[in-house]
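# Per-entry structural report
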Amino acid sequence: MICRRLCLALLAILAVAAPSRPAAQADLHAPFDKILDTYVRDGYVYYQALHKERGALDRYVASLDVPKSKVDGWSKGDQEAFWLNAYDALVLRTVIDAYPIKARSSQYPPKSIRQIPGAFEQLKHRVGGQSLTLDEIEKNMLAAFRDARLVLALGRGAIGSGRLRSEVYDGSRLDEQLTLVVKECATRVSCVKVDRDNNILEVTPLVSWRQDAFIQAFAKMGEKQWGNRSPIERAVAAMVFPHLFSREKNLLEDNVFKMQYGEFDWRLNDLTGGLPD
């Protein structure tokens, strides 16, 4: 009887002492998970509906202003997930703050997020105990993790960006989610396009924007098969090869491809009224 009581007491102590991170992280991002599930379909967003029903998003964004010391104390995966989710949520709020977006420049599509003055490089947001622009989150906070997959994971409010997921990023399974991000990129023509007839491998300009990160992450993996190629060509080939169709793989195996960057599609990923033309 005494032994049983001691065991129960020990279990109670262990339960209290057990890390609370998983529950805390789930609670923090649960509202955003519901928002993404409700308003996002295959990377496109019902912005008009989100604009009208924005309360939940505003509350979630406000909840992201947790102390920097708290964020720094989380695991690497939880920190990465936090900044990815924060970036995506802030992009959504930036769009609905200006929705419907008015055309100001002929340089970008009429309803593009780029028509919002300073959307990425000027507008400050309170997040993680700091005042940061979207560019600062990407170039300072996320770049510090030295994971090129994060570049492809960000939803930039544009058709050419990484496909916005209908779920939040979760630190406990982030590696699995980022692997899927790369696979999805390799099979989406706006991200990777293999022209077997003309021996061309066309990739998203996102790679050129953060070239050093991709070289560091993937170039060594391609040294044996594409050793005569430039570091960035080796990196791209190694990154996409496992996810290509057999006929597409043949082009890379023959090592006669020419790599080039496509144009970034800055059209707004707006599902209101149907898919963009």
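Shown above is the structure to which this text applies.
Residues numbered from 1 in each chain as written. Predicted model: local features only at pLDDT ≥ 70, side-chain atom pairs only at ≥ 80, totals over all residues. Heavy atoms only, no water.

## Describing the sheet that holds strand E7 (residues 258–261)
Two orientations exist for strands paired in a sheet by backbone hydrogen bonds: parallel and antiparallel. We count it as follows: Between any two strands, pairing holds if DSSP finds at least two bridges. Only DSSP runs of H or I with at least four residues qualify as helices, and only runs of E with at least two residues qualify as strands; both kinds are numbered from the N terminus onward. Axis lines are fitted through C-alpha atoms, for helices just across the contact stretch, and the angle between N-to-C directions can take any value from 0 to 180 degrees.
Strand order in the open sheet formed by three strands is E5-E6-E7, and the pairing between neighbours is mixed. Pairing within the sheet leaves two strands with one partner each, and these edge strands are strand E5 (192–195) and E7. In this sheet, adjacent strand axes meet at a mean angle of 20 degrees when their direction is disregarded. The sheet contact formed by strand E6 (residues 200–203) and E7 spans four bridges and is parallel. Bridging across to E7, Glu 202 finds its partner in Gln 260.

## Structural notes on the packing of helix H11 (residues 211–218) against helix H12 (residues 231–240)
To be explicit about the condition: Left-handed is the label given to a crossing in which the near helix is rotated counterclockwise from the far helix by less than a right angle, and right-handed is the label when the rotation is clockwise. Whether two residues are in contact is decided by their heavy atoms: any pair within 4.5 Å suffices.
Their axes nearest at 8 Å, the elements H11 and H12 cross at an angle of 65 degrees. In the crossing of H11 with H12, the sense of the turn from one axis to the other is left-handed. Contacts between H11 and H12 involve Gln 211, Phe 214, Ile 215 and Phe 218 from the first element and Pro 231, Ile 232, Arg 234, Ala 235, Ala 238 and Met 239 from the second.

## Examining the pattern of salt bridges
Cut-off, in case you're wondering: Every case where a carboxyl oxygen of Asp or Glu lies within 4 Å of a side-chain nitrogen of Lys or Arg is listed as a salt bridge. Here the term buried applies to any residue with accessible area under 20% of the maximum for its type, exposed to any over 50%, and partly exposed to those in between, with areas from a 1.4 Å probe on protein chains only.
Counted according to the given criterion, the structure contains 21 salt bridges. A salt bridge links Arg 126 to Asp 65; the shortest N-O distance between them is 3.4 Å. Of this pair, Arg 126 sits in strand E3 (residues 125–127) while Asp 65 sits in the loop between helix H4 (55–63) and helix H5 (68–72), and the two are 61 residues apart along the sequence. Assessed through its relative accessible area of 34%, Asp 65 is described here as partly exposed. One connected set of salt bridges, linked through shared partners, spans Asp 42, Arg 163, Glu 184 and Arg 188.

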